[in-house]
Amino acid sequence: MCIFCKIVTGDIPSNKIDENDEFLAFHDINPKAPVHILIIPKQHIENFQSTPPEVMAKMTPFIQEIAKKVGLDQTGYRLIVNNGEDGGQEVMHLHFHMLGGAKLKWPHLAPDTVKKNI
Ligand code: 5GP
Ligand code: ZN
């Protein structure tokens, strides 16, 4: 079982914000912003690229409700999905990072990693 599946079952504790039958939002253990929330489906889905559109149709309003619950709907936030190796995905269970509570810098390109053949 992956670590986020263990968070879903409660085998690994988490600081939960909200949940319903299908989705869960909890605070990131290593926050990169004053507010750093992870939003996941309870069902194990490996990454965004393999996510069925029906899941996103239900996940979108859940994400919006989380933003409202913590007040980021008013101040703004960044939603990030790291997908695969170049995206920097470390946990292979779909998760959206919701970052806020400060002005965020842009962009993120790592130096000397540009793939010139794409
Ligand atoms: P990724 O790099 O896969 O997009 O992001 C994984 C995120 O999961 C990281 O921001 C990391 O801090 C967070 N994380 C990893 N393990 C745990 C954990 O056990 N609990 C919580 N709350 N967050 C975790
Ligand atoms: Zn999982």
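Look up: the structure comes first, before these words.
Because the structure is a prediction, the values reported are computed rather than measured. Here the residue numbers are simple positions, counted from 1 along each chain's written sequence. Labels follow written order: the first chain is A, the first ligand is 1, and so on. Note on the predicted model: pLDDT of at least 70 is required for a residue's local features to be given, and 80 or more for side-chain atom pairs to be given and counted; whole-chain, interface and lining totals, by contrast, use all residues. With hydrogens and water set aside, each side-chain value is computed from the structure's full complement of heavy atoms.

### A closer look at the overall build of the chain
Convention followed: Helix and strand assignments follow DSSP, with helices taken as H or I runs no shorter than four residues and strands as E runs no shorter than two, numbered in order from the N terminus. Restricting the calculation to C-alpha atoms gives the radius of gyration, and the globule rule supplies 2.2 Å times the number of residues raised to the power 0.38. For the exposure calls, accessible area comes from a 1.4 Å probe over protein chains only, and a residue counts as buried if that area is under 20% of its type's maximum, exposed if over 50%, partly exposed in between. In what follows, residue pairs with any heavy atoms lying within 4.5 Å of each other are defined as contacts. Each accessible area value is a Shrake-Rupley result obtained with a 1.4 Å probe; residue values ignore everything except the protein chains displayed when judging cover. Lys and Arg are tallied as positive, Asp and Glu as negative. Neither His nor the chain termini are counted. A single reference atom marks each charge: NZ on Lys, CZ on Arg, CG on Asp, CD on Glu.
In terms of regular secondary structure, the chain is built from four helices and five strands. Scanning the chain from its N terminus toward the C terminus, one meets helices and strands in the order α-β-β-β-α-α-β-α-β. The globule rule puts the C-alpha radius of gyration for 118 residues at 13 Å, and the 15 Å found for the chain is close to it. If one aligns the C-alpha atoms of the chain with their principal axes, the spans along those axes are about 45 × 35 × 25 Å. Out of the 118 residues belonging to the chain, those deemed buried represent 35%. If you take every contact in the chain between residues at least 6 apart in sequence, the share linking residues at least 24 apart comes to 56%. Here the chain has roughly 7800 Å² of accessible surface; of this, 54% comes from carbon and sulfur atoms. Between the centroid of the 12 positive side chains of the chain and the centroid of its 14 negative side chains there is a distance of 6 Å.

### Considering the coordination of the zinc ion (ligand 2)
Each pair of donors in an ideal four-coordinate tetrahedral metal site encloses 109.5 degrees, whereas pairs in an ideal six-coordinate octahedral site enclose 90 or 180 degrees. Just so we agree on the cut-off: Metal coordination here is assigned from N, O and S atoms located within 2.8 Å of the ion, or within 3.2 Å for Na, K and Ca; omission of water means that sites may look incomplete. Geometry assignment treats four donors as tetrahedral when all angles are between 85 and 135 degrees, treats four as square planar and six as octahedral when opposite donors are over 155 degrees apart and all others between 65 and 115, and treats everything else as irregular.
Each protein donor to the zinc ion (ligand 2) is listed here as C2 (SG), C5 (SG), H44 (ND1) and H93 (ND1); together their distances run 2.0 to 2.3 Å. Seen from the zinc ion (ligand 2), its four donor atoms lie at angles of 103 to 120 degrees, and the figure they make is tetrahedral. A relative accessible area of 13% places C5 in the buried class.

### Notes on unusual backbone geometry
For the peptide bond that leads from W106 to P107, omega is 5 degrees, which places it in the cis range. Of note in the backbone geometry, D112 takes a positive phi value of approximately 60 degrees without being a glycine. In this structure, D112 sits in the segment after β5 (96-100). Overall, the relative accessible area of 82% leaves D112 in the exposed class.

### Side note on helix α2 (residues 53-70)
Rule in force here: In this analysis, the expected span of each helix is defined as 1.5 Å times one less than the number of residues it contains. Values of bend correspond, residue by residue, to the angle between axes fitted over the seven residues ending at that residue and the seven starting there.
The terminal C-alpha atoms of α2 lie 26 Å apart, and with 18 residues this matches the ideal 26 Å at 1.5 Å per residue to within 8%. Of all the bends found along α2, the most pronounced is centred on M59 and spans about 25 degrees, while P61, a proline, follows it within four residues. Residues V55, M56, M59, F62, I63, I66 and A67 constitute the buried set of α2. Along its buried surface, α2 packs onto β1 (16-19), β2 (23-27), β3 (35-41), α3 (72-75), β4 (78-80) and β5.

### Remarks on the nonpolar core
Note the cut-off: Residue types Ala, Val, Leu, Ile, Met, Phe, Trp, Tyr and Cys, when buried and joined through side-chain atoms within 4.5 Å, form a set referred to as a nonpolar core.
Ranked by internal contacts, the top residues of the largest apolar core, which has 18 residues, are A25, I37, I39, M59, I66, F96 and M98. Within the residue set of this core, elements represented by two or more residues are β2, β3, α2 and β5. Top contributing element to this core by residue count: α2, with seven residues. Every residue in contact with I66, bar those within four places of it in the chain, is listed here: I17, D18, A25, I37, I39 and M98. Judged by nonpolar contacts, the second largest core, of nine residues, contains I7, L24, I40 and V91.

Interpretation in functional terms is not warranted from these geometric data alone.
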